[in-house]
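# Chains, contacts and geometry: an overview
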Amino acid sequence: MKNIYVVGSINMDIVNKVHHFPHPGETVEGLHTAYYPGGKGANQAVAAAMSGSNVQMVGAIGNDAFGTPLLNSLRDKGVQVGHVKSKESGSGLAFITVNEEGENCIMLSQGANGQLSGTDLPNEMWDDAALILLQNEISWDINLQIIHKAKERGIPVWMNPAPAFLLPNDIYASIHTLILNETEAGLLTDRLIVDENDALLAITQLINKGIARVVLTLGSKGLIIADETKQLTYFNAYLVNSVDTTAAGDTFIGTFASSWLSGQTLCESMQFASTAAAIAVTKPGAQDSIPSKSDIEAFIRSEPRPSQRILSYLN
């Protein structure tokens, strides 16, 4: 069986819980501080592995006190770590503030992630990968190298453009699936997304750039997907009590990739991944909040499935 390769960041998340986010110039008292293994790449790798896929992580850790716990967390959750490099630097850090509603804001310090280079990419990836997951917490030059070579080798690339910045227009046609939230879609399309019509216009703009499939996540409002047939479908989200949304998007992406590769239909994969994300937000932390395949299946059996509806077809 071929592998999902995740090339991306590995961070230690330093999470502070507060009543409310501080305004500029304001000091607020932290209610609790905790350390959780995270990083968008690592989180997505864990989600895919927890859903049953063979997953290879390609990334970098530092030679500091955080490096070994970060590596052990991946290994303990079933991710293959033979392609994770140790760099002469500190590990990547994410400083996360979470308010009482479970919303978060995040500041990143790249650390070893910024030292990952093209020479760290394993040669076997080009023969062994069924799918490559990318994000924007490592050098764009590496992502660009991967996207071009994967296209040559016929390997689908799924891109999560977070943190978001404007991508070159000629790169979109080489991305099979783009998964992003409202803020990221707004930046890529120079459009403020406040309602469903704005979301549809943004998706149309992205599809017209040549992407095969776009998934726009809307948090508690659900998601919209434009598939290869240019059908636009809206999926409602599960209603849950949110504790921490830090890894919700990463959980969705990794679980979605695993489910789709396992042979489930696009609709089934959407529902499965949405369920995983709903479970993740009810727990604190990043990787520690990501559910197993059996947890997801049990939740689906116990809860009514949210509705979905076809919105339209793109011309």
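Attention here is on the structure that accompanies the text. Residue positions are counted from 1 within each chain, in the order its sequence is given. Totals for whole chains, interfaces and linings use every residue, but because this is a predicted model, local features are given only for residues with pLDDT of at least 70 and side-chain atom pairs only at 80 or more, for both listing and counting. The side-chain values count all of the structure's non-hydrogen atoms but skip hydrogen atoms and water molecules.

## Structural notes on the sheet that holds strand β10 (residues 177-181)
Here, strands pair whenever DSSP counts at least two bridges between them. Runs of H or I in DSSP of at least four residues are treated as helices and runs of E of at least two as strands, each being numbered from the N terminus. A sheet is described by the order of its strands in space; here 10 strands give the open sequence β5-β4-β1-β8-β9-β10-β11-β12-β13-β14, paired in mixed fashion. Across the chains shown, the open sheet's two edge strands, defined by having one partner strand only, are β5 (80-87) and β14 (308-313). For this sheet the average axis-to-axis angle between neighbouring strands, irrespective of direction, equals 20 degrees. Where strand β9 (residues 157-160) and β10 come together, two bridges link them in parallel fashion. Each residue of the ladder has a partner; that of M159, found in β10, is L178. Note on contacts: a residue pair is in contact if any heavy atoms of the two residues lie within 4.5 Å. Here an angle of 0 to 180 degrees is reported between the N-to-C directions of two axes, which are lines fitted to C-alpha atoms, with helices fitted over the stretch in contact. Taken strand by strand, helix α7 (residues 248-261) contacts β1 (3-7), β8 (129-135), β9, β10, β11 (213-217) and β12 (223-226), and its axis lies near 165 degrees from that of β8.

## Overview of a nonpolar patch on the surface
Together, F165, L166 and L187 make up an exposed nonpolar region whose accessible area comes to about 270 Å². Only protein chains enter the accessibility calculation, which uses a 1.4 Å probe; a residue is then buried when its area is under 20% of its type maximum, exposed when over 50%, and partly exposed in between. Classification of L187 as partly exposed rests on a relative accessible area of 35%. A patch consists of residues exposed above 30% relative accessible area that lack any salt bridge, with like charges linked at up to 9 Å and nonpolar side chains (Val, Leu, Ile, Met, Phe, Trp, Tyr) linked at up to 5 Å. All accessible areas in this document rest on Shrake-Rupley with a 1.4 Å probe, and a residue is counted as covered only by the protein chains that are shown. Salt bridge criterion: a side-chain nitrogen from Lys or Arg within 4 Å of a carboxyl oxygen from Asp or Glu.

## Examining the packing of helix α8 (residues 266-280) against helix α9 (residues 293-302)
Put simply, α8 and α9 touch, their axes get as near as 9 Å, and they point 100 degrees apart. Overall, the two elements α8 and α9 adopt an arrangement that is roughly perpendicular. Across the interface between the two elements, F272, T275, A276 and I279 from α8 touch K293, D295, I296, E297, F299 and I300 from α9. For the contact of α8 with α9, the class distribution of residues is six nonpolar, one polar and three charged. To sort the angles, those under 35 degrees are grouped as roughly parallel, those over 145 as roughly antiparallel, those from 65 to 115 as roughly perpendicular, and the leftovers as oblique. Note on residue categories: nonpolar means Ala, Val, Leu, Ile, Met, Phe, Trp, Tyr, Cys or Pro, charged means Asp, Glu, Lys or Arg, and polar means any other residue, Gly included.

## Section: the pairing of strand β4 (residues 55-62)
Successive side chains on a regular strand alternate, one facing one side of the sheet and the next facing the other. Taken across its eight residues, β4 has eight buried, putting it largely inside the fold. Judged by which residues are buried, β4 turns out to be covered on both faces: V55, M57, G59 and I61 on one side and Q56, V58, A60 and G62 on the other are all buried. Direction of pairing for β1 relative to β4: parallel, over a ladder of four bridges. When the bridges of β4 are listed, Y5 appears paired with Q56. Bridge analysis of β4 against β5 gives six bridges, and the strand direction is parallel. Bridging across to β5, G59 finds its partner in V84. In this fold, β4 hands off to helix α2 (residues 67-76), which returns the chain to β5; that crossover is right-handed. With strands facing away from the observer, any crossover in which the path from the first strand over the helix to the second runs clockwise is taken as right-handed.

## A look at the layout of surface pockets
Approximately 1500 Å³ is the volume found for the largest pocket. Points on a 1 Å grid over protein atoms alone make up a cavity when a 1.4 Å probe fits among them but cannot get out, and a pocket when they form an open set with protein on both sides within 12 Å along at least five of seven lines; lining residues each have an atom within 4 Å of a point. Along the wall of the largest pocket there are 47 residues; nearest its centre are N181, G219, T245, A248 and G249. At the level of elements, β2 (11-17), α1 (40-50), β6 (92-98), β7 (104-109), β10, α5 (182-189), α7 and α8 are the ones that each hand at least two residues to the lining of the largest pocket. At five residues, the largest contribution of residues to the lining of the largest pocket is made by α7. Counted by class, the lining of the largest pocket contains 22 nonpolar, 17 polar and eight charged residues. Grid points are joined across faces, edges and corners, and a volume is the space filled by probe spheres set on the points. Approximately 210 Å³ is the volume attributed to the second largest pocket. Together, 16 residues line the second largest pocket, and G52, S53, S258, L261 and S262 are the ones closest to its centre. When residues of the lining of the second largest pocket are traced back to their parent elements, those giving at least two are β1 and α7. In terms of residues, the lining of the second largest pocket owes the most to one element, α7, which gives three residues. For the lining of the second largest pocket, the class distribution of residues is five nonpolar, nine polar and two charged.

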